[in-house]
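# Topology and contacts: notes
Listed below, chain by chain, are the residues.
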Amino acid sequence: MAAPRCSRCACLLLVFIYSLYVVVISEEPTPGNEQHASVVENPQTAAETEKQPTEERRWEATQVDETVPDDAAANKQDLPVPDSVLTSTPPLKDEFQEELVIRPLHSGDIYASFQFRTVWETDFTRGSKVSHYRLFPKSLGQVISKFSVRELHISFTQGYWRTMQWGQPYLPSPPGAELWVWFQDTVTDVDATWKELTNVLSGIFCASLNFIDSTNTVEPSASFKPLGIANGTDHRFLRYATLPREIVCTENLTPWKKLLPCGSKAGLAVLLKSEKLFHSSFHSQAVHIRPVCQDEPCKTTSLELRQTLNVVFDLHASGQGKREWSLFKMFSRTLTEACPLASSSKIYIDVTDNPEEDQFELSPATHLLSQAVVLGDRRTFSVYDLTQQVTFGTVRSLNVLIRWKSTEGDMLRPLLHAERYVAGYGLQTGEIHTLMYNNHPFRSFPVLLLDSVPWYLRLYVHTLTVTSKGKDNKPSYIHYQPSKDRMRPHLLEMLVQLPPHSVTEVTMQFERALLKWTEYTPDPNHGFYVGSSVVSALVPSTVAMNTNITKEQPLFSTFFPTKEESSYFIRVYTEPLLVNLPTPDFSMPYNVICLTCTVVAVGYGSLYNLLTRSFQVEEPNPGLAKRIANVIRRMRGVPPL
């Protein structure tokens, strides 16, 4: 019964399909007999021609920005376009670039700086909601949209940048964690939004940013101006905080790499091997989000996400001893391809001090050279373009080798340098010294100093002194916000003019506070950290700076905006301070607790045993003769004695 029923259903299905096919063929118009004949003779070709307009329309709906030939454009105009395609909004354009800059240092160390830039043509400041993400990470996009963030800058640094040995970094950052955010003027409660934002970022980057609260957050009035487009600079919407004791580890690097469009699977990100990066003298990773202009009149804006990673490999700590570096020796990996989603992928080797290859030898050699103005100096770079297949050669692998030939040569001293230390003796009072060096031979320039000091160091502002070349140097601008115990820290901002070739010293005395016993850290004798001072300045440039922000330039030279050709902006961080506070003897409570517990256990235990133990009278044991007699009596069947 089942077989005839199945055959009957199959016949009905074939009849239905054939009738549907006839109806569709009859409804389609036929331009001529020749075309109809060709369709009948080759039905497969007809099916392909029917699918082609549909595919073209689908690509047209998702197309972002592509140059279309005139013939193709004319053909597309003839095609029928559905109304949904005409009314749909075009998708937002985005672009991804990646760069690696390698600077050989005169000490034999090597400095590598990674730059990953994602530009998205969108504007969150207008309240637009975006639900589709392609290259821009969705986690950060939702954070910016939810908390109305205009700019976000966060960095995690392990180690201290030695300016006098390594020169100025491309992107400076203080030891530990640093976070500063500009909110939009639509935010009503900035403090509550700031607290919630730090908790969310703590989860995204697996860091201790949730320890940021009002006791280590300040509102700078002059420092940390917006680095992107800013309609207003009301400092009420700015928050700045540091965690100088934050330890950077693999758990911070992994979520940072996941924000990249290609992750760590392709492109320059394959070199980011944690066991190599953290076995270095200096390591810093950062995320910067800001609005930027697309053209010079700045009629349209985009959102820029810049992920940076700076690392310095020490010659002696690496264990190799030879003054020879390569990608494999630094990162234990080589490059085989660029990120498929990147529009630009390049490696820059700084060869400014090696014009005739008398200092070091570069292998494989490249004929591409590029010049860029970096930190007020014109530098020359050898360029490896990873988007070109000829860069990898026949072995399909790129391993750039730098072999030193000579150890001679002097490093150009940085024009601005800053240091800080604590003086004094005892655990009651002390003095903070901040030194700012102007190494320019004949030019003076102003600098803006920012100091954020915890509330438990009570500053004596009347002891503030600023001296240059043995004379008093009166600041032209001072902003001081006193602290409140357990509520907010001290904030001091000063605008000081640095004379040429001089050292300016800023000193201030303080008194150490006595904390509550619950406010001490688990290791109070280690000390308490004080965040780095921040020195911002416009330093005179030896060459004309480029003020066109829309001109295509290397990423490492376009982070800080330049408004004047004669100077460039620079930011310098000092060392964090480690201050000892009056600490009680936490071992004494432990000893008291141990002694008390011992006395209570012995006394109470003895009394408890006396009160709860039951006593029984035990008969004395019979003698040996009596026991022998009882044994004999049992053998004879007589009752024992």
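As a starting point, this report considers the structure included with it. Predicted model only: the values in this text are computed from it and were never measured. (Residues numbered from 1 in each chain as written. Predicted model: local features only at pLDDT ≥ 70, side-chain atom pairs only at ≥ 80, totals over all residues. Heavy atoms only, no water.)

### Details of the environment of Asn216
Position of Asn216 relative to the elements: it lies in the loop between α8 (190–205) and β5 (217–218). As a C-alpha pair, Asn216 and Leu243 span 27 residues in sequence and 8.2 Å in three-dimensional space. Sequence-distant contacts of Asn216, that is, excluding residues within four places in its chain, are made with Phe211, Tyr240, Ala241, Thr242, Leu243 and Pro489. Of note is the side chain of Asn216, whose polar atom sits 3.4 Å from the backbone oxygen of Phe211. Here Asp213 takes part through its backbone nitrogen, which lies 2.9 Å from a polar atom of the side chain of Asn216. (Helix = DSSP H or I, 4+ residues; strand = E, 2+ residues; numbered from the N terminus. Contact = heavy atoms within 4.5 Å. Polar contact = N/O pair within 3.5 Å; in protein donor to acceptor, adjacent residues only side chain to side chain.)

### Quick notes on the sheet that holds strand β4 (residues 176–183)
Strand order in the open sheet formed by 11 strands is β5-β6-β4-β3-β7-β8-β2-β1-β10-β13-β12, with mixed pairing between adjacent strands. The open sheet has two edge strands, β5 and β12 (369–374), and neither has a second partner. As paired elements, β5 and strand β6 (residues 238–243) share 2 bridges and run antiparallel to each other. Across the sheet, the residue bridging to Val218 is Tyr240, located in β6. Sitting on the sheet, α8 is in contact with β3 (149–158), β4, β5, β6 and β7 (282–293), with an inclination near 135° to β4. (Pairing = 2+ DSSP bridges. Axes fitted to C-alpha atoms, helices over the stretch in contact; angles between N-to-C directions.)

### Re the state of the cysteines
Covalent bonding between the sulfur atoms of two cysteines is what defines a disulfide. Applying the stated rule across the entire model yields 1 disulfide. Note on cysteine connectivity: Cys262 is disulfide-linked to Cys339, with sulfurs 1.8 Å apart. Taking the sign of the S-S torsion, about 70° here, the bridge from Cys262 to Cys339 comes out right-handed. Pair noted here: Cys262 is in the loop between α9 (250–258) and α10 (274–277) and Cys339 is in the loop between α11 (327–331) and β10 (344–350), with a separation of 77 residues, a long-range link. Side by side, Cys262 and Cys339 carry an identical accessibility label, which is buried. Cysteine Cys594 is unpaired, with the sulfur of Cys597 as its nearest cysteine sulfur at 6.8 Å. Given a relative accessible area of 31%, Cys594 falls into the partly exposed group. (Disulfide = S-S within 2.5 Å. Buried < 20%, exposed > 50% of the residue type's maximum accessible area, 1.4 Å probe, protein only.)

### Here's the deal with the pattern of salt bridges
Under the defined criterion, the tally for this structure stands at 19 salt bridges. Two residues, Asp523 and Arg245, come together in a salt bridge whose shortest N-O distance is 2.5 Å. Highlighted residues: Asp523 in the loop between β22 (502–512) and β23 (528–530) and Arg245 in the loop between β6 and α9, separated in sequence by 278 residues. For Arg245, a relative accessible area of 37% gives the class partly exposed. Arg306 serves as the salt-bridge partner of Glu304, at 3.1 Å between the closest nitrogen and oxygen. Accessibility assignment for this pair places Glu304 and Arg306 in one class, buried. Via salt bridges that share partners, Arg117, Arg290, Glu304 and Arg306 belong to a single interconnected network. (Salt bridge = Lys/Arg side-chain N within 4 Å of Asp/Glu carboxyl O.)

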